[in-house]
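Chains, contacts and geometry: an overview
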Amino acid sequence: MTEALDWNAKTIAEFRANEGRVGGVFEGAPITLLHHRGRKSGRQYVSPVMYLPNDTEPDIIYVFATRGGAPVHPDWYYNLTATGDGSIERGTEAYQVTVRELPRPERDLVYAEQARRHPGFAEYERQTAGVRTIPVLELSRT
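Residues numbered from 1 in each chain as written. Predicted model: local features only at pLDDT ≥ 70, side-chain atom pairs only at ≥ 80, totals over all residues. Heavy atoms only, no water.

Now for the pattern of salt bridges. Scanning all chains against the criterion turns up 13 salt bridges. Put simply, Glu89 and Arg16 hold a salt bridge, and the shortest N to O gap is 2.6 Å. Of this pair, Glu89 sits in strand 4 (residues 85-90) while Arg16 sits in helix 1 (residues 3-17); the two residues are 73 residues apart in sequence, bridging distant segments of the chain. Arg107 serves as the salt-bridge partner of Asp108, at 3.0 Å between the closest nitrogen and oxygen. (Salt bridge = Lys/Arg side-chain N within 4 Å of Asp/Glu carboxyl O. Helix = DSSP H or I, 4+ residues; strand = E, 2+ residues; numbered from the N terminus.)

Since the α-helix turns once every 3.6 residues, residues separated by three or four places project in the same direction. Its 12 residues give helix 3 (residues 106-117) an end-to-end C-alpha distance of 17 Å, which sits within 8% of 16 Å, the value for a rise of 1.5 Å per residue. Within helix 3 the residues assigned to the buried category are Arg107, Val110, Tyr111, Gln114 and Ala115. The arc that holds the buried residues of helix 3, viewed along the axis, is 140°, so those residues lie on one side. Opposite the packed face of helix 3, turned more than 90 degrees from it, sit the exposed residues Leu109 and Arg116. Those residues of helix 3 that are buried lie in contact with strand 2 (44-53), strand 3 (60-64), helix 4 (120-128) and strand 6 (136-141). (Expected span 1.5 Å × (residues − 1). Buried < 20%, exposed > 50% of the residue type's maximum accessible area, 1.4 Å probe, protein only. Arc of directions from axis to C-beta. Contact = heavy atoms within 4.5 Å.)

Here Tyr111 shows up in helix 3. Among the residues examined, Tyr111 registers a relative accessible area of 1% and is labelled buried. Setting aside residues no more than four positions away along its own chain, Tyr111 makes contact with Phe64, Thr66, Phe121, Tyr124, Glu125, Ile134 and Val136.

The next point concerns the nonpolar core. Counting residues in each nonpolar core, the largest one holds 19 residues, and the members touching the most others are Ile31, Tyr62, Phe64, Val110, Tyr111 and Val136. Mapped onto this core, the elements with two or more residues apiece are helix 1, strand 1 (31-37), strand 2, strand 3 and helix 3. Setting aside anything within four residues of it in sequence, one finds Ile31 in contact with Phe15, Gly20, Val22, Phe26, Val49, Met50, Tyr51 and Glu89. Counting 15 residues, the second largest nonpolar core, distinct from the first, contains Leu34, Ile61, Trp76 and Tyr77. (Core = buried A, V, L, I, M, F, W, Y, C linked by side-chain atoms within 4.5 Å.)

Note that strand 4 and strand 5 (residues 93-101) share 6 bridges and pair antiparallel. Among the inter-strand pairings, Ile88 is bridged to a residue of strand 5, identified as Tyr95. From the end of strand 4 to the start of strand 5, which pair antiparallel, there are 2 residues, and Gly91 there has a positive phi angle of about 65°. (Pairing = 2+ DSSP bridges.)

Right, here's the structure in full:
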């Protein structure tokens with residue numbers, strides 16, 4: 001198992017054992033587990049990511065394809081946008097979602113709020129400046 005897969009597996013196990021809460025770099029942050037199907041392989045994957053809840057719609061959250069400030073989008077982004085749907089685990093709930101990529105300027109407003117709440121996201125944006133714009137996906141309960 002690669003280091004990244006091992007880290008994901010440990011984070012997923014901790015999430016499920018603690019009703020959606022984890023420690024380490026995610027301590028105190030809102031975390032969701034994204035379930036997505038590989039667009040080429042058809043395999044099922046689970047990716048732990050931070051999210052931003054919508055302020056007025058409890059069935060909408062936003063996720064950010066930062067890949068830790070890497071110059072390329074994460075695989076889960078391509079998988080979710082290819083299918084337009086997936087499912088998530090949020091706290092002790094699991095449910096289906098539809099996926100919508102936010103266009104600018106809506107994306108910029110949501111990303112700025114996430115960076116305000118979690119300054120590491122501002123650093124990710126600095127790292128990718130001039131290389132790529134970090135996508136923001138809206139996940140809505142179906």
